[in-house]
There are 2 protein chains.
Amino acid sequence: MNIELINTGSELMLGRVLNTHQQWICRRLADHGYVVTRQVSVADAGRDIQQAVREALSGADLVITTGGLGPTSDDLTRDGIAELLGKKLREDAKALANVENFFAIRKRPMPEKTRVQALVPEGALVLHNQHGTAPGLAIEIRPNPFRSDGRASWLILLPGPPRELQPMLSEQVIPLLRQKLPLESAFVSRTLKTTGLGESVVEERIAAPLKHLTDAGLELGYCARTGDVEVRIATRGAAAEKTVAEAEQIVRRLIGAHIFGEDDDTLEAVVVRLMTGRKQTLALAESCTGGCIANRITDVPGASAVLLAGWVTYSNQAKQDFLGVAAETLEEHGAVSEAVARELAEGARRRTGSDFALAVTGIAGPTGGTPDKPVGTVFIALATGRHTCVLNPMNRYDRGTFKYVTSQQALELLRRTLLNC
Amino acid sequence: MNIELINTGSELMLGRVLNTHQQWICRRLADHGYVVTRQVSVADAGRDIQQAVREALSGADLVITTGGLGPTSDDLTRDGIAELLGKKLREDAKALANVENFFAIRKRPMPEKTRVQALVPEGALVLHNQHGTAPGLAIEIRPNPFRSDGRASWLILLPGPPRELQPMLSEQVIPLLRQKLPLESAFVSRTLKTTGLGESVVEERIAAPLKHLTDAGLELGYCARTGDVEVRIATRGAAAEKTVAEAEQIVRRLIGAHIFGEDDDTLEAVVVRLMTGRKQTLALAESCTGGCIANRITDVPGASAVLLAGWVTYSNQAKQDFLGVAAETLEEHGAVSEAVARELAEGARRRTGSDFALAVTGIAGPTGGTPDKPVGTVFIALATGRHTCVLNPMNRYDRGTFKYVTSQQALELLRRTLLNC
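Colleague: Explain the overall build of chain A residue by residue, including any values.
Modeller: Along the backbone of chain A there are 15 helices and 17 strands. Viewed in the frame of its principal axes, chain A has a C-alpha envelope of about 80 × 60 × 40 Å. Looking at chain A alone, contacts between residues at least 24 apart form 68% of all its contacts between residues at least 6 apart. As presented, chain A carries roughly 16700 Å² of accessible surface, and 49% of it is formed by carbon and sulfur atoms. Separation between the mean location of the 48 positive side-chain charges and that of the 49 negative ones in chain A comes to 3 Å.

In structure tokens form, the structure reads like this:
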């Protein structure tokens, strides 16, 4: 099956934004066995969009576009496609109600021109937008005048904002594809998410033991991201489920302690799930991560059952005033030290009565390093009541990466303590 | 001028990695007035690469490819292009010396297969690789058999690793373009970043007043992101600088109070810069944003001069214990209320002695809403010592977006208070 993805947006061509849609959509489709053959980006210009779609429809079974469905004058995809296909636009009552409702809920007047988002080409399936105003559209091009063999193609138009596009793809487009463009054979894919090992170490441990399966067609892929490495195992055919299960068992045997989740799991969601199930509570004392851990924990629905309180104690004064770190400890060891990390964690736990408390102190950079404690130095403490353990990794990265990697190590310390692994 | 960028890599098509090359190259080229017209990604397959290059050469004056020049079996670009162009490969002495030198410096034996990287198509200019082994290649396609008008095109092949590609583009490709494909006229682009207005409202306010300029060729683009809308104005020609300045003046007159920065500015960086310049300090009390504001503020280098402390007070107990919210206030008004937001902000300011304190309390969802206070309800308070003001927006979004949009509104309230606008 030929699949082409077309991303529209002048901001892409000017390099103003990263094309995160490409990765997200390619990945999500590949997880379901639909591998994108070709991806194209063009500016928000009617002719460029039309030409890209025409070329794509000349060879692809499925063409997906992103963006250009909004209400402003550079939202040209809807009109351009309707013109290309020779289809009239009609106002869709449900889509219009969704636009009206969007503004009503937010108590904002509905600008007249947002009404244009309810226009859909004749014969198109309307994909409801739960998180915005522009609906997605799915159109079967049959007969397909752009393809020399005349074979039908599906054309799917998705809105640009990720929070609108992503649930629409997962909840509406994937089921539509399964129905309208079923795969020729079964496809099974699993992604295991690990943290604490580098990509080459993961490969060193698992590649050889999986060789009999990769030789027989198992796809094995690694994806290193900030703070974690994903292992993807996938295969097609009647025995796909069995093969992937065997491969997963081998991977779990070899690096199981480092696997924190599967597919879309995040480390923060895994930790909140574990603690919610056990009715355990958490407090946080963050210096160098500056709220990054609290922010990740509170991204998880239901986090309020787990997180009692967090402190961002950037200054020494705040460490003393609010978490009871001793002036002598700061004096003797410095703010970035094992002793201060320990007192921060124990202070947060004592003040909230939580079961666990995590604390971090370190030097995020770019300035503030010393020969003794260079940029990247960090101490992570976990107080459990029975004891307090402290990690001392060296996270030599840019500031944002430093914060994220440190938060990942802190959450992983908590996860492994909870699981005793 | 038509410019096409071709990124090769199977990992792109599977969504394993982000295509950071696209943004970096497009941006760097646009900064010099070379705007990419079209970008294509294809897998590491000889036929796909050849087809993409053939199509690109049929219309573009400049085609740039990335990746596929290395020594391994999935590096197919060099051979595929030579075959497509009907050019023989010859070993380039300088390129070979660079490969040999790379291994000699690192005191590692040179694997025989790395020698393939010294092969270059006849007539190609060799772009020296300071940071790796595969040179870049620049080939003038003259005559151009793929273009119906027979016009010449330039084809430039760059290695995939960013640390090799980036200096090669800046130091060798840009000068080559200036010489071989000079711009017809000057190019000027500016991006103004706004918050607090929807994309369609921004357009409603500025499109008509800019019409005389857009009619005369000014490009006007909008990019709506979570919590902000970017307005991009750009044009070419001898009067470009003057036209863009006039357009900027009009935009600033109409929506100036909503413009928080330009180009790469973030709202948190603007706020930290303002407060650092005035030696002012900040404290944060976050309930529903859960550390999102603190995390954003501390992403900015030098934030420690501004942020004294932050609290994440999710529970009512924490609000009382750590920030002195009165039990009666919680009882009478509920945790999500103007009165509690006010007491949180004033408590944080009093406890730290900061100049300003921001506080937020609200219902992030997906659960926890009531008919009186549905999901999305939020109160944002800013205590300045002289007075405390409270906003009450309705942020009906998914949880992550709710947190981000609320943090954006809080930071914007602070920015406008600082600027008294």
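Colleague: So what's going on with the sheet that holds strand E8 (residues 153-158) of chain A? Which residues, and what values?
Modeller: The sheet built from twelve strands is open, its strands ordered E6(A)-E7(A)-E8(A)-E3(A)-E1(A)-E2(A)-E2(B)-E1(B)-E3(B)-E8(B)-E7(B)-E6(B) with mixed pairing. At either end of the open sheet lies a strand with only one pairing partner, and these are strand E6 (125-127) of chain A together with strand E6 (125-127) of chain B. On average, each strand axis in the sheet is inclined to that of its neighbour by 15 degrees, with strand direction left out of account. Note that strand E1 (residues 3-8) of chain B and strand E2 (residues 38-42) of chain B share five bridges and pair parallel. Bridge pairing in E2(B) places Thr8(B) opposite Val42(B). Across the sheet, helix H6 (residues 162-180) of chain A is in contact with strand E3 (62-66), E6, strand E7 (136-141) and E8 of chain A; its angle to E8(A) comes to roughly 170 degrees.

Colleague: Break down the nonpolar core for me, with residues and values.
Modeller: Note on soluble globular proteins: their nonpolar side chains tend to be buried together. Residues Val53(A), Leu85(A), Leu155(A), Val53(B), Leu85(B) and Leu155(B) are the most contacted members of the largest nonpolar core, which totals 46 residues. Residue contacts for Val53(B): discarding those within four places in its chain leaves Ile6(B), Thr65(B), Ile81(B), Leu84(B) and Leu155(B). Among the nonpolar cores identified, the runner-up in size contains 44 residues, and Ala381(A), Ala283(B), Ala341(B) and Leu344(B) belong to it.

Colleague: I'd love a proper account of the packing of helix H2 (residues 20-31) of chain A against H6(A), names of residues and values included.
Modeller: Residue and element names in this part refer to chain A. Between H2 and H6, whose axes approach to 11 Å, the crossing angle comes to 25 degrees. Between H2 and H6, the angle is such that the two are roughly parallel. Our pair here, H2 against H6, has a crossing hand that is right-handed. For the pair H2 and H6, contact is made by His 21, Trp 24, Ile 25, Arg 28 and Leu 29 and by Pro 162, Leu 165, Gln 166, Leu 169, Ser 170, Ile 174 and Leu 177, respectively. Within the contact of H2 with H6, the residues separate by chemical class into eight nonpolar, three polar and one charged.

Colleague: Quick rundown of the packing of aromatic side chains? Include the residues and the values.
Modeller: Residue and element names in this part refer to chain A. This structure, assessed with the given rule, holds four aromatic pairs over all chains. Ring centres of Phe 102 and Phe 103 lie 5.5 Å apart, and the angle between their planes is 75 degrees; this geometry places the pair in the edge-to-face category. Assessed through its relative accessible area of 14%, Phe 102 is described here as buried. Judged by relative accessible area, which is 6%, Phe 103 ranks as buried. When the ring centre of Phe 102 is taken as reference, the NZ or CZ atom of Arg 106 above it lies at 3.8 Å.

Colleague: Just give me the short version of the interface of chain B and chain A, but keep the residues and values in it.
Modeller: Accessible area lost upon the coming together of the parts is a frequently used measure of interface size. The interface is formed by 70 residues belonging to chain B together with 73 residues belonging to chain A. Of the roughly 6300 Å² buried between chain B and chain A, counting both surfaces, carbon and sulfur atoms make up 51%. The tally of links between chain B and chain A comes to seven salt bridges. If you look at where chain B meets chain A, you find 36 residue pairs in polar contact (both at pLDDT 80 or more). In the side of chain B that touches chain A, the residues fall into 31 nonpolar, 23 polar and 16 charged.

Colleague: Report on the pairing of strand E8 (residues 153-158) of chain B, specifying residues and quantitative values.
Modeller: All names here are of chain B. Burial of E8 is extensive: six of the six residues sit out of reach of the surface. Side-chain alternation along E8 places Ser 153, Leu 155 and Leu 157 on one buried face and Trp 154, Ile 156 and Leu 158 on a second face that is also buried. In the sheet, strand E3 (residues 62-66) pairs with E8 via five bridges, with the strands oriented parallel. In the sheet register, Ile 64 faces E8, and the bridge partner there is Ile 156. Sheet topology places strand E7 (residues 136-141) next to E8; five bridges connect them, and they run antiparallel. Bridge pairing links Ile 139 to Leu 155 in E8.

Colleague: So what about the pattern of salt bridges? Which residues, and what values?
Modeller: Counting across every chain of the model gives 45 salt bridges over all chains. Residues Glu248(A) and Arg252(A) are paired through a salt bridge, measuring 2.9 Å at the closest nitrogen-oxygen approach. Placement of the pair is Glu248(A) and Arg252(A) together in helix H9 (residues 240-255), with a separation of four residues, close to one helical turn. Glu230(B) is paired through a salt bridge with Lys193(B); the nearest N and O atoms lie 3.8 Å apart. On the criterion of sequence distance, the pair formed by Glu230(B) in strand E11 (residues 228-236) and Lys193(B) in strand E9 (residues 187-194) is long-range, its members being 37 residues apart.

The rules we used
Residues numbered from 1 in each chain as written. Chains lettered and ligands numbered in written order. Predicted model: local features only at pLDDT ≥ 70, side-chain atom pairs only at ≥ 80, totals over all residues. Heavy atoms only, no water. Helix = DSSP H or I, 4+ residues; strand = E, 2+ residues; numbered from the N terminus. Contact = heavy atoms within 4.5 Å. Areas by Shrake-Rupley, 256 points an atom, 1.4 Å probe, with all protein chains shown as cover. Lys, Arg positive; Asp, Glu negative; His and termini not counted. Charge placed at Lys NZ, Arg CZ, Asp CG, Glu CD. Pairing = 2+ DSSP bridges. Axes fitted to C-alpha atoms, helices over the stretch in contact; angles between N-to-C directions. Core = buried A, V, L, I, M, F, W, Y, C linked by side-chain atoms within 4.5 Å. Buried < 20%, exposed > 50% of the residue type's maximum accessible area, 1.4 Å probe, protein only. Parallel < 35°, antiparallel > 145°, perpendicular 65-115°, else oblique. Left-handed = near helix turned anticlockwise from the far one by under 90°. Nonpolar A, V, L, I, M, F, W, Y, C, P; charged D, E, K, R; others polar. Phe/Tyr/Trp six-rings, centres within 6.5 Å; stacked < 30°, edge-to-face > 60°. Lys NZ or Arg CZ within 6 Å of the ring centre and 35° of its normal. Buried area = accessible area lost by both parts, 1.4 Å probe. Salt bridge = Lys/Arg side-chain N within 4 Å of Asp/Glu carboxyl O. Polar contact = N/O pair within 3.5 Å; in protein donor to acceptor, adjacent residues only side chain to side chain.

Such coordinate-based values are descriptive only and should not be taken to indicate function.
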